[in-house]
Amino acid sequence: MRTDLLHPELSGNKWYKLKYNLQAARTSGFSTLLSFGGAWSNHLHALAAAGRLFGFATIGVVRGDSETPLNPCLQDAVANGMRLVFVDRASYRRQQEPAFIDSLRRQYGHFYLIPEGGANLAGMQGCAEIPAGIRGAYDHIALACGTGTTLAGLVGSAWWLTEEWSVKALTPPRILGFQALKGRGYLSAEIQRLLRNSGMKGHCRWSVNEDYHFGGYARTKPELLAFIEAFERDTGIPLEPVYSGKVLYGLQDLIKRDFFPRNSRILFVHGGGLQGRRGFRGRND
Ligand SMILES: *Cc1c(COP(=O)(O)O)cnc(C)c1O
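A brief structural summary. Since the structure is predicted, the reported quantities are computational estimates derived from the model, not experimental observations.

Okay, the site of the ligand next. Lining the immediate surroundings of the ligand are 16 residues, of which K14, K17, G146, T147 and T150 lie closest. Between the ligand and T150 there is a distance of 2.6 Å, counted from an oxygen atom to a side-chain nitrogen or oxygen. Alone, the ligand offers 390 Å² of accessible surface; in the complex the protein occludes 97% of this. When contributions to the shell around the ligand are tallied by element, the ones reaching two or more residues are α1 (13–27), β5 (140–145) and α7 (149–156). Of the residues forming the shell around the ligand, the biggest block, three residues, is contributed by α1. Counted by class, the shell around the ligand contains three nonpolar, 10 polar and three charged residues.

Pasting the structure below:
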């Protein structure tokens, strides 16, 4: 499923995660949106575009030092009107602390806060709408996980209970998330927390695969890059090495190892994020 083709600037799961956040901000009378991300954040990139398209001022709190010139991701954000605020890693880690948020409000005024990666209930609710775009019936749905919000939204989606789905398939699909970051157990716990706090009922069986992070967030290995290149050549579908490349590498490996029962119907949800490829071209050329 190609959510990467949704919109040239607001692509992939980031639009789904922003949609109800923007709506909530508008309903509550906010004109400024503030969020957090790294220097290659797909989320801040999409937020800046959404701000321009829907008439919000945007502030991006970026982890780390400002570099001159700004990288292409942040250049786009600025071109879309985003104000960038660079904070050191220690401050960045405090992004959920009320005292830190208060200090941001004192400096930058009134804003609607969207957590890093759009990881809140509104973000999940938007992602719960992704299944409505699925054509055909599937036994497994594979996707990349950063914060786990997209996976949680899929699992909690009421779409699996609708007649439209049940005429296609008897049961909800199993959702398989591929963790893009290193670390054991934390992501499953986070997804459970998101589901619990949302009050959404989980309708699907789900699991997180922790084996294909290739060393951690935005880390790559030559075999991953070679796989991506071959996949793009064979299919014409663009991938990037942070999320989608790792999922498809993992999927083909698991298929080879007979992880999935014979004749399983597997859907990969392409989450977009292709703007981030520019960071790798620079690094690997
Ligand atoms: C942000 C992003 C993800 C991670 O989504 P979460 O909801 O944070 O798990 C996956 N794939 C792509 C391409 C992304 O940009």
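There is more to say, and it comes next.
Applying the stated criterion to the full structure yields 11 salt bridges. The salt bridge involving E210 is made with R184; its shortest N-O contact spans 2.8 Å. Pair noted here: E210 is in the loop between β7 (206–209) and α10 (222–235) and R184 is in the loop between β6 (174–179) and α9 (186–198), with a separation of 26 residues, a long-range link. For E210, a relative accessible area of 12% gives the class buried. Here R184 falls in the exposed class, since its relative accessible area comes to 63%. Each of R184, E210 and D211 takes part in salt bridges that share partners, so that together they form one network.

In total, this model carries zero disulfides according to the counting rule given. Take C73: it sits in no disulfide, and the sulfur closest to it among the cysteines is that of C127, at 19 Å. Between C145, a cysteine without a disulfide, and C127, which holds the nearest cysteine sulfur, the sulfur-to-sulfur distance is 10 Å. Classification of C145 by relative accessible area gives buried; the value is 1%.

Turning next to the pairing of β5. Two faces, one strand: in a regular strand the side chains alternate between the faces of the sheet. In terms of residue burial, β5 counts as a mostly covered element, since six of its six residues are buried. Pairing of β5 with β6, which is carried by six bridges, proceeds in the parallel orientation. Within β6, the position partnered with I141 by the bridge is I175. Both β5 and strand β8 (residues 266–268) contribute to a ladder of three bridges, which runs parallel. When the sheet's bridge partners are listed, I141 is paired in β8 with L267.

To continue, consider the sheet that holds strand β4 (residues 112–113). With respect to topology, four strands assemble into an open sheet ordered β3-β2-β1-β4, the strand pairing being parallel. Across the chains shown, the open sheet's two edge strands, defined by having one partner strand only, are β3 (82–87) and β4. Note that strand β1 (residues 32–37) and strand β2 (residues 57–63) share six bridges and pair parallel. Bridge pairing links F36 to V61 in β2. Lying on the sheet, helix α2 (residues 42–54) is in contact with β1, β2 and β3; it crosses β1 at an angle near 165°. Along the sheet, helix α3 (residues 72–79) contacts β2 and β3; its crossing angle with β3, the most-contacted strand, is approximately 135°.

In this section: the sheet that holds β5. Across the sheet, four strands lie side by side as β7-β6-β5-β8; this open sheet has parallel pairing. Among the strands making up the open sheet, the edge pair consists of β7 and β8. Taken over all neighbouring pairs, the strand axes of this sheet differ in orientation by 25° on average, direction set aside. Where β6 meets β7, four bridges bridge the pair, whose relative direction is parallel. Paired with I175 across the two strands is W206, which belongs to β7.

Parameters and conventions
- Residues numbered from 1 in each chain as written.
- Predicted model: local features only at pLDDT ≥ 70, side-chain atom pairs only at ≥ 80, totals over all residues.
- Heavy atoms only, no water.
- Near = heavy atom within 4 Å.
- Polar contact = N/O pair within 3.5 Å; in protein donor to acceptor, adjacent residues only side chain to side chain.
- Areas by Shrake-Rupley, 256 points an atom, 1.4 Å probe, with all protein chains shown as cover.
- Helix = DSSP H or I, 4+ residues; strand = E, 2+ residues; numbered from the N terminus.
- Nonpolar A, V, L, I, M, F, W, Y, C, P; charged D, E, K, R; others polar.
- Salt bridge = Lys/Arg side-chain N within 4 Å of Asp/Glu carboxyl O.
- Buried < 20%, exposed > 50% of the residue type's maximum accessible area, 1.4 Å probe, protein only.
- Disulfide = S-S within 2.5 Å.
- Pairing = 2+ DSSP bridges.
- Contact = heavy atoms within 4.5 Å.
- Axes fitted to C-alpha atoms, helices over the stretch in contact; angles between N-to-C directions.

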